[in-house]
Amino acid sequence: MSSRSVLKIIIIILGSILISDFVVYRQIIGYIGSFDNIALQTFIKICYWILLPAFLMSMMVLRKYFYKPQKPASASIMFAFAGIFFLIYIPKILYSFLFLFQKSICWLYFHDSDLFLQKCPFDLITTISLSGSGIAFMLILYAITLGRFRFRIRRINLSFKNLPDAFDGLKLIQFSDLHAGSVSGNQHKYLTAVSMINKEKPDIIFFTGDIVNEFAGELNGWEDILSQLDATYGKFSILGNHDYGDYYPWKTQEEKNNNLRNIIDREIKMGFRVLLNESISLSKDGQEIRILGVESWGIPPFQQYGKIEKAMTGVENSAFKILLTHDPSHWEAEIAGKTNIDLTLSGHTHGFQFGIRTRKFRWSPIKWISKRWGGLYNYGNQFLYVNTGLGYIGFPGRIGMPPEITVISLYSG
């Protein structure tokens, strides 16, 4: 996404917030106008208008002074503030939109002021608007209290003519985007996800990047949890864009490099084979498949550390290949139609942590940013599966896009 697009989004968000603030403020003025105590009226007005600056200032202070490698749990505190912000402003914005929309429709339909007041009573418009914002409030409250930990298994069956018979029925499990720092203090919740994965008795477990937000210290307390994951042929992982620490102003390049090395070392101690632009062969009954893993590769401004040509060295003619690459945009740019990789597994998008996804229908605002954001896609006989993530970042919740564990069964023929 370009900087101009980001600026447009920021302007739209701030504009929506300010419009909603003015609409709701007019309602509040109408209610408190009957108060005899002028000082109380003034206090309410000041508290109302100071809320937004206070939120923004708090987030800036937390980011600048508390979000540090030495305080890896600070991200969860920041996102808790963000959750409260969403809980207040999304319902407020929806209320304002419904209120203004209804009044505009009424005015355009009746034109005459007397008919407008008679046919479109203020109380009815307010009731409908409040009902809509109330539903939004409850959805967000659910998302940040329960929804973010309601793990869901999604099952996919795929057949490939070139899959060796020895691997017929191979069961893969993919999870992605843990963002460990976001859930500091709630690591124990993920024991449920670990249990769900192990209960499937997978042949291979894949993790497709973003195990942290920035810092290796975010993995404190996770070693005993993720090391419990067990698969017949092992666990494999790659790095995501957040794992490199690119979004934090490190004092030196050496400090940044040490942080990345620490993350990789911790994943290895958890039992993962971290694939860094390389491949590994799995053999059974004299037959083999290849697992390739590249470092994070994304459309700018995301960095392009991934080197698919390096990972493909010596495996071009292998019978069957599975690629792990964090960002699904890499598949269209360098994989589909340009290699003979059969199955690619990605993450990165989170499904925006908001949307609708059923067996026959899927929608999320992330579709305007990423064409392939969740689920199965194909280009001829090449397939891409995009996992919508197990953790979260920014908004500390999930609405209609539950944390995902993907079970992929492969068949010959």
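Cut-offs applied
Residues numbered from 1 in each chain as written. Predicted model: local features only at pLDDT ≥ 70, side-chain atom pairs only at ≥ 80, totals over all residues. Heavy atoms only, no water. Patch = residues over 30% accessible without salt bridge, like charges linked within 9 Å, V, L, I, M, F, W, Y side chains within 5 Å. Areas by Shrake-Rupley, 256 points an atom, 1.4 Å probe, with all protein chains shown as cover. Salt bridge = Lys/Arg side-chain N within 4 Å of Asp/Glu carboxyl O. Helix = DSSP H or I, 4+ residues; strand = E, 2+ residues; numbered from the N terminus. Pairing = 2+ DSSP bridges. Axes fitted to C-alpha atoms, helices over the stretch in contact; angles between N-to-C directions. Polar contact = N/O pair within 3.5 Å; in protein donor to acceptor, adjacent residues only side chain to side chain. Contact = heavy atoms within 4.5 Å. Buried < 20%, exposed > 50% of the residue type's maximum accessible area, 1.4 Å probe, protein only.

Caption draft 1: The arrangement of a nonpolar patch on the surface in detail. The grouping of Met 57, Met 60, Val 61, Tyr 65 and Phe 66 at the surface amounts to a nonpolar patch, some 510 Å² of accessible area in total. Relative to the helices and strands, Phe 66 is located in helix H2 (residues 38–66).

Caption draft 2: View of the sheet that holds strand S9 (residues 343–346). Across the sheet, which stays open at both edges, the six strands sit in the order S6-S7-S8-S9-S13-S12 with mixed pairing between neighbours. The sheet is open, and its two borders are formed by strand S6 (278–284) and strand S12 (375–379), each paired with just one other strand. Strand after strand, the sheet turns through a mean of 20° between neighbouring axes, direction not considered. Bridge count for S12 against strand S13 (residues 382–386) is five bridges, and the pairing is antiparallel. Opposite Gly 375, over in S13, you have Val 386 as the bridge partner.

Caption draft 3: Structural context of the side chain of Thr 339. Of note, Thr 339 is situated in the loop between helix H10 (329–335) and S9. In terms of polar contacts, Thr 339 uses its side chain to reach the backbone amide nitrogen of Ile 341, at 3.3 Å. When residues no more than four places from it in sequence are discounted, the contact partners of Thr 339 are Met 312, Glu 334 and Gln 382.

Caption draft 4: Structural context of the pattern of salt bridges. Within this structure, the stated rule accounts for eleven salt bridges. The salt bridge partner of Arg 273 is Glu 278, with a shortest N-O separation of 3.3 Å. Its relative accessible area of 34% is what places Arg 273 among the partly exposed residues. Ionic pairing is found between Glu 288 and Arg 290, a salt bridge with its closest N-O pair at 4.0 Å. Take Glu 288: its relative accessible area is 29%, and that puts it in the partly exposed class.

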